[in-house]
Amino acid sequence: MSICKFLRARNPYGMMEGGDNPWYLLDDANTICWCINSAGAVGPDNGLVAPMQCTKGRSCFVSQHADKM
């Protein structure tokens with residue numbers, strides 16, 4: 001799954017890392033997500049900011065690899 005490069009997430013345990021799956025959040029009920037473009041829980045397209053929402057297909061989505069091309 002490709003997640004937008006502008007999505008950030010934090011939970012009570014800190015920034016979560018999942019090795020090959022950096023967005024594997026252990027306790028998603030307590031995780032706070034935000035978009036660094038809109039600086040809030042709602043993205044530039046007025047959609048909810050969440051790992052399962054900020055994926056390819058949204059108008060504001062930017063690939064993690066966009067700056068490497």
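Preceding this paragraph is the structure being described.
Residues numbered from 1 in each chain as written. Predicted model: local features only at pLDDT ≥ 70, side-chain atom pairs only at ≥ 80, totals over all residues. Heavy atoms only, no water.

Go over the pairing of strand S2 (residues 32-35), please, and point to the residues and values.
Here S2 shows one buried face, formed by Cys33 and Cys35, and one open face, formed by Ile32 and Trp34. Sheet analysis places strand S1 (residues 7-10) next to S2, joined by 4 bridges and oriented antiparallel. Its bridge partner being in S2, Ala9 is matched across the sheet by Cys33. (Buried < 20%, exposed > 50% of the residue type's maximum accessible area, 1.4 Å probe, protein only. Helix = DSSP H or I, 4+ residues; strand = E, 2+ residues; numbered from the N terminus. Pairing = 2+ DSSP bridges.)

Account for the environment of Asn30, naming residues and giving values.
Structurally, Asn30 is set in the loop between S1 and S2. The class of Asn30 is partly exposed, set by a relative accessible area of 42%. When the C-alpha atoms of Asn30 and Arg10 are compared, they prove to be 8.6 Å apart, with 20 residues separating the residues in sequence. Sequence-distant contacts of Asn30, that is, excluding residues within four places in its chain, are made with Arg10, Asn11 and Pro12. (Contact = heavy atoms within 4.5 Å.)

Function-wise, these values are silent; they only describe arrangement.
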